[in-house]
Amino acid sequence: MAEEELRAIIQRCQILDEADFKGEDFNLFQVAGQKCLEEGYISEVLEVVQNEKNVVIVKSMGWNLIGPLIRSILKHKQDEIERKQCLTMLERLIQVCSPKELLLGFLEQIEQASQENVSQTILILLDPLHEVLLKLGNKKAYSVGLSLSTILDQLSLLPVPYTKHQLEEDEHGLCRCCTALPCFVRPFVDEVVQHLEDSSNRGCRELKEELLAFCLKSIKYPLLVAELDHVPEETAENPFRQFAADILDILQDIRELFPKVFSQHGCRNESWDDEELTKIDHEQHADSLACLSYLIFVQNCFGLNCFPTIFDPSYILQCNMVHIKVLLNKKEEPVLSKGLALLENCLLRLENDSLHTERLDFKVFVATSEDLVKVATMCPFEPLRKKSLKVLQLYIDKFEEEGKYILFRCLLQSSNHSGMEAYIIQNIKNQIDLALQKPEGSSFFLGNTLIKLLDNVLLLPEGASTDLLQNSDRIMAALNLLRYLFIKDKEYENRTSLWKELYKIQQTFLKPLYTALFLSKQHYKAEIKRRRENKGESSTSATSTSITVGGKKMSKLTSQMELQVLHSALVTFDLIESILARVEELTDTFSY
């Protein structure tokens, strides 16, 4: 029945001129052709399409068969004969139909493909699409850009495989598409390369812009979120690593690799202001440029063979700071990991104590240290928290003495995390220790300058009302620092100027701390007593309640668990009191 309908419309149209074809004819041709393909009359349709008598009909109406043909190819992917017949038919359409109509038809199929068929549809159409684009001659730049953009938009809907098994399985075909795409664009790249010196060739200039847009979009997805680290024991090449290498090759060939890496935003010599940073953060290609820098500097198998060696390491760091900030402000684990790796790579090029304090005039340098603190304290991925802390220490180590001093002051004021504040206080202690070992001392970690820094260390945020449990890490670190200073710097030497500040320290830190300890211990002991005496919430009860400890609400705790938490708090208070007593012994001036 379907075959008869097709032959009937063919016979009717054979006697008409192309100008006499009506909309009804197009619809009948499409419906009949689709039915034939769906019902398995593929060879019959192929015969109609290849018949020279029908060339005018096929030229005008053939593009309507693209959708049915693609569906038939997907349906018969295991039947080599019928699949080959469909591909032959597609090739015939490319020979006789309008390139523009075919282009729109191909892109429509890619846009409408379901997620499970996206990659297969793209892989089927890449070669036909390439042939059609080449037929457009010098006016193909826009069409090439539209094709690449459509393909990447659809690929962005596919999940990125991460594990070795997922990469090998390539369930959604993303890896196969990433392998095929560079081959698809290579002839266009070669065409641009041939005319790079010809500034009058508008077509090639436009084509170059489209290829650049393709590269940047490919870097943003999938490369930004893909796992790119090479595993030595794996013999098979990670397809995303190869895709990244191919993209960088294209950028290098069209002379856009290093201009993008050393962009004007990343390498400015004057201070960036907040408005400028906001502009960069929201720049259309900020994510792509950040990932590009990662590919160049971290994945060094991708382009360092041609990398200029004249750049100073501190200049490389400065150029990358905006990119690092972009990556560290993301939430995805692979992206955060790239930001940390890029910063670590730049820092490892530097000698310790070599970064001048003037770098901190660039606000992005201070902001980056704060971003590292956020990752180290708030990131849900433990390996990244540990990595961030490691990179933060590396970052601190690279600054000269004054730079460290400024960073410590900034981080103590902005971190808002007791554990991180304790970490900074430990760093301060290390710097003081180094200063005390130097005969010439230090301009920043001894004397009055140090005292100004210690004013931010030896304090209770809310005086005697401070939540000691929530601030326990910071308080114990501060007490340990104080104890160390009283032991290391004798009163008769007083190189730190701490002894002359003893009365102020007593009044603003030690006495309020004693009061806070007394109040806190009394409160927790009373709470333990109340819960033990309350028969309804005895230790044998299985009732779940909630309790607030250290400013955090603990939900669904049994009575026994509540008591354990309360006792743990008392142990913490005892530890603080023990260190405080050691400080008292060293000063021997307390009279409580």
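Residue positions are counted from 1 within each chain, in the order its sequence is given. With pLDDT at 70 or above as the cut-off, local features in this predicted model cover only qualifying residues; side-chain atom pairs require 80 or more to be listed or tallied, and sums for whole chains, interfaces and linings still use all residues. To obtain the side-chain values, all non-hydrogen atoms of the structure were included, while hydrogens and water were left out.

**Here's the deal with the overall build of the chain**
Part 1: Helix and strand labels come from DSSP, where a helix needs a run of H or I of at least four residues and a strand needs a run of E of at least two; each type is numbered from the N terminus. Secondary structure assignment for the chain yields 26 helices and two strands.
Part 2: Note on exposure labels: buried denotes an accessible area under 20% of the residue type's maximum, exposed denotes more than 50%, and partly exposed covers the range between, all computed with a 1.4 Å probe on protein chains only. Taking all 592 residues of the chain together, 51% fall into the buried category.

**Some thoughts on the packing of helix α24 (residues 472-488) against helix α25 (residues 502-533)**
Part 1: Axis definition: a line fitted to C-alpha atoms, limited for helices to the stretch in contact. Angles are taken between N-to-C directions and run from 0 to 180 degrees. Where α24 contacts α25, the axes come no closer than 13 Å and their chain directions differ by 145 degrees. You can see that α24 and α25 cross each other, and the crossing is left-handed. Along the contact surface, α24 presents I475, A478, L479, L482 and F486, while α25 presents L502, I505, F509, L510 and L513.
Part 2: Side-chain classes follow a simple rule in which Ala, Val, Leu, Ile, Met, Phe, Trp, Tyr, Cys and Pro form the nonpolar group, Asp, Glu, Lys and Arg form the charged group, and the remainder, Gly included, forms the polar group. Looking at the contact of α24 with α25 residue by residue, the class counts come to ten nonpolar, no polar and no charged. By convention the crossing between two helices is left-handed if the near helix lies anticlockwise of the far one by an angle smaller than a right angle, and right-handed if it lies clockwise. By the convention used here, residues are in contact when the closest approach between their heavy atoms is within 4.5 Å.

**As for the pattern of salt bridges**
Part 1: The salt bridge criterion pairs a side-chain nitrogen of Lys or Arg with a carboxyl oxygen of Asp or Glu, the two atoms within 4 Å. Under the counting rule described, the total for this entry stands at 23 salt bridges.
Part 2: A salt bridge links D371 to K325; the shortest N-O distance between them is 3.8 Å. Taken together, the residues span a long stretch of sequence, with D371 in helix α19 (residues 363-378) and K325 in helix α17 (residues 313-328) at a distance of 46 residues.
Part 3: With a relative accessible area of 5%, D371 lands in the buried category.
Part 4: The network of salt bridges with common partners includes R186, D190 and D253.

**A short note on unusual backbone geometry**
Part 1: A cis geometry characterises the amide bond from Y221 onward to P222, with omega recorded as 15 degrees.
Part 2: Tracing the sequence through the fold places P222 in the loop between α12 (202-220) and α13 (239-253).
Part 3: You will see that N416, though not glycine, has its phi angle at about 55 degrees, which is positive.
Part 4: Counting through the fold element by element, N416 comes out in the loop between α21 (401-414) and α22 (418-437).
Part 5: Residue classification places N416 among the exposed residues on the basis of a relative accessible area of 73%.
Part 6: Positioned with a positive phi, N494 is a non-glycine residue whose angle comes to about 50 degrees.

**Some words on the environment of H323**
Part 1: In this structure, H323 sits in helix α17.
Part 2: Residues H323 and G339, 16 residues apart in the sequence, show an inter-C-alpha distance of 7.9 Å.

**Let's talk about the confidence of the model for the chain**
Part 1: Predictor confidence is given residue by residue as pLDDT, running from a minimum of 0 to a maximum of 100. Taken over all residues, the pLDDT of the chain has a mean of 86, while the share at 70 or more is 87%.
Part 2: Within the chain, the element-level pLDDT minimum falls on helix α15 (residues 274-281), averaging 48, and the maximum on helix α20 (residues 382-398), averaging 97.
Part 3: Taken as a whole, residues 264-275 scores under 50 in pLDDT and shows 27 contacts with residues more than four places along the chain or in a different chain.

**Comments concerning the packing of aromatic side chains**
Part 1: Whether two aromatic rings pair depends on their centres lying within 6.5 Å, for rings of Phe, Tyr and Trp, where Trp uses its six-membered ring; planes under 30 degrees apart make the pair stacked, over 60 edge-to-face, and the rest tilted. This structure, assessed with the given rule, holds eight aromatic pairs.
Part 2: Note on F184 and F188: the rings are 6.0 Å apart at their centroids and 70 degrees apart in plane angle, and the pair reads as edge-to-face. You can see F184 and its partner F188 sitting in helix α11 (residues 174-194), four residues apart, about one turn around the helix.
Part 3: You can call F184 buried: its relative accessible area is 4%.
Part 4: A relative accessible area of 0% means that F188 is categorised as buried.
Part 5: Put simply, the rings of Y405, F408, F444 and F445 touch in pairs and so form one group of aromatic residues.

**Description of helix α9 (residues 141-155)**
Each α-helix turn comprises 3.6 residues. Residues three or four places apart therefore point the same way.
Part 1: Given the number of residues in a helix, its expected span is that number minus one, multiplied by 1.5 Å. The end-to-end C-alpha distance of α9 is 21 Å, a good match for the 21 Å that 15 residues give at a rise of 1.5 Å each.
Part 2: Most of α9 sits out of view: eleven of its 15 residues are buried.
Part 3: In this structure, the buried residues of α9 make contact with α7 (99-112), α8 (118-134), α11 and α12.

**Points about helix α5 (residues 66-75)**
Part 1: Taking burial as the measure, the ten residues of α5 include eight buried ones, the bulk of the element.
Part 2: Here α5 has its buried residues at I66, G67, P68, L69, I70, S72, I73 and L74.

**Overview of the environment of L347**
Part 1: If you trace the backbone, L347 turns up in helix α18 (residues 333-348).
Part 2: Once the C-alpha coordinates of L347 and L317 are considered, the two residues, 30 residues apart in sequence, prove to be 7.1 Å apart.
Part 3: Ignoring any residue separated from it by four or fewer positions in sequence, one finds L347 in contact with L317, V391, L394, Y395 and K398.

**Focus on the nonpolar core**
Part 1: Counting residues in hydrophobic clusters, the biggest one holds 184 residues, and the most contacted among them are L93, L155, F240, L479, F509 and L513.
Part 2: In contact with L513, not counting residues within four places along its chain, are L460, L468, I475, L479, I576 and L580. For this analysis, a nonpolar core means a set of buried residues of the types Ala, Val, Leu, Ile, Met, Phe, Trp, Tyr and Cys, connected via side-chain atoms within 4.5 Å.

**Considering the side chain of Q299**
Part 1: Here Q299 is to be found in the loop between α16 (286-297) and α17.
Part 2: Side-chain atoms alone can form a polar contact between residues adjacent in sequence; in general such a contact is a pair of N or O atoms within 3.5 Å, and within protein one must be able to donate a hydrogen while the other accepts it. Reaching out from Q299, the side chain makes a polar contact with the side chain of D229 at a distance of 3.0 Å.
Part 3: Within polar-contact distance, the side chain of Q299 engages the side chain of Y294 at 2.8 Å.
Part 4: In this view, Q299 contacts L228, D229, R241 and Y294; residues no more than four positions away in its chain are not counted.

**So, the environment of H76**
Part 1: Tracing the sequence through the fold places H76 in the loop between α5 and α6 (80-96).
Part 2: Judged by relative accessible area, which is 13%, H76 ranks as buried.
Part 3: When the C-alpha positions of H76 and C86 are compared, they lie 9.4 Å apart, and in sequence the two are ten residues distant.
Part 4: For H76, the residues in contact, after removing those within four places along its chain, are I42, E82 and R83.
Part 5: A distance of 2.9 Å separates a polar atom in the side chain of H76 from a polar atom in the side chain of E82.

**Some thoughts on the packing of α6 against α8**
Part 1: Between α6 and α8, the shortest axis-to-axis distance is 10 Å and the interhelical angle comes to 20 degrees. Taken together, α6 and α8 sit at an angle that is classed as roughly parallel. As for the relative orientation of α6 and α8, their crossing is right-handed in sense. Each of R83, L90, E91 and I94 in α6 lies in contact with α8, whose residues at this interface are I124, L125, P128, E131 and V132.
Part 2: Tallied by class, the residues present in the contact of α6 with α8 amount to six nonpolar, no polar and three charged. To sort the angles, those under 35 degrees are grouped as roughly parallel, those over 145 as roughly antiparallel, those from 65 to 115 as roughly perpendicular, and the leftovers as oblique.

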